[in-house]
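What follows is the residue order along each chain.
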Amino acid sequence: MRAALAGVACGVAPLAHGLANVPRGARIAGEIVDVGAGADGPRELSDAWLPLAAARLSDTAADLVAVELAGLVDVPARERERLLAVVRAYTATGSVADVAARLYCHRNTVLNRLRRFTELTGRDVTVPADAAVVLLALECLR
């Protein structure tokens, strides 16, 4: 089925068990499309959970960003960009070595930037619960 949808930007909802669940599935598929701007193929709920969750926060999204990323406000833009690049890369892979290779820096630089992010925000992205909150706040920041 997925092969037939290759190149078609669409949302694929979880399987609807019974006709009563079809409208819910259609709504979920529509929401996946709404948050998946720029997608070039089908996206499932597991692909779109983060932007979907951020979109559903609506008026509390700004508060989440303000609370979770407040420590970055006074950091010079260049340093903030480097810290966030490391955080995003680390949360995507979970590997310091992969981040170092991807960002062309030493693994100690990656560790130092992760440590600095933790000092500034109080969130340690090597801890899954903290990483989830940070990722949601970063998605809301977009």
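It should be noted that the structure appears before, not after, this text.
The structure reproduced in this document is the subject of the present report.

Criteria and cut-off values
- Residues numbered from 1 in each chain as written.
- Predicted model: local features only at pLDDT ≥ 70, side-chain atom pairs only at ≥ 80, totals over all residues.
- Heavy atoms only, no water.
- Helix = DSSP H or I, 4+ residues; strand = E, 2+ residues; numbered from the N terminus.
- Buried < 20%, exposed > 50% of the residue type's maximum accessible area, 1.4 Å probe, protein only.
- Contact = heavy atoms within 4.5 Å.
- Expected span 1.5 Å × (residues − 1).
- Core = buried A, V, L, I, M, F, W, Y, C linked by side-chain atoms within 4.5 Å.
- Salt bridge = Lys/Arg side-chain N within 4 Å of Asp/Glu carboxyl O.
- Axes fitted to C-alpha atoms, helices over the stretch in contact; angles between N-to-C directions.
- Parallel < 35°, antiparallel > 145°, perpendicular 65-115°, else oblique.
- Left-handed = near helix turned anticlockwise from the far one by under 90°.
- Nonpolar A, V, L, I, M, F, W, Y, C, P; charged D, E, K, R; others polar.

What follows covers the overall build of the protein chain. For the protein chain, the count of helices and strands is seven helices and two strands. Moving toward the C terminus, one meets the helices and strands of the protein chain in the order β-α-β-α-α-α-α-α-α. When its C-alpha atoms are laid out on the principal axes, the protein chain stretches across 55 × 35 × 25 Å. The 142 residues of the protein chain split such that 33% are buried. Long-range pairs, those at least 24 residues apart, make up 56% of the contacts in the protein chain with a sequence separation of at least 6.

For helix α4 (residues 77–93), which comprises 17 residues, the first-to-last C-alpha distance of 24 Å matches the rise-based estimate of 24 Å (1.5 Å per residue) to within 8%. Along α4, the positions that sit buried rather than exposed are L83, L84, V86, V87, A89 and Y90. Following α4 by one or two positions, G94 has its phi on the positive side, about 75°.

Turning to the nonpolar core, a few remarks are in order. The biggest cluster of nonpolar side chains holds 27 residues, and the ones touching the most others in it are L69, V87, V110, L114, F117, V125 and C140. Those elements giving two or more residues to this core turn out to be α2 (45–57), α3 (61–68), α4, α5 (96–103), α6 (107–121) and α7 (128–141). Those residues in contact with V110, other than ones at most four positions away along the chain, are V86, V96, V99, A100 and C105.

Along the polypeptide, D130 turns up in helix α7. Discounting residues that sit within four places of it in the chain, D130 has contacts with G122, R123 and D124.

So, about the pattern of salt bridges. A side chain of one charge can pair with a side chain of the opposite charge when the charged atoms of the two come close. In this structure the tally under the stated criterion is six salt bridges. Among the ionic pairs, R123 bridges to E68, the shortest N-O distance being 2.7 Å. Taken together, the residues span a long stretch of sequence, with R123 in the loop between α6 and α7 and E68 in helix α3 at a distance of 55 residues. Judged by relative accessible area, which is 10%, E68 ranks as buried. For R123, a relative accessible area of 21% translates into the label partly exposed. Through salt bridges with shared partners, one network takes in R27, E31 and R56.

The phi dihedral of Y104 is positive, around 55°, even though this residue is not glycine. Note on placement: Y104 falls in the loop between α5 and α6.

Within the secondary structure, V127 is located in the loop between α6 and α7. In sequence terms V127 and T91 are 36 residues apart; their C-alpha atoms lie 10.0 Å from each other.

This part takes up the packing of α4 against α5. For the pair α4 and α5, the least separation of the axes is 9 Å and the interaxial angle reads 130°. In terms of axis orientation, α4 runs oblique to α5. Handedness of the α4/α5 crossing: right-handed. Contacts between α4 and α5 involve A85, V86, A89, Y90, A92 and T93 on the former and, on the latter, V96, D98, V99, R102 and L103. Of the residues in the contact of α4 with α5, the class split is eight nonpolar, one polar and two charged.

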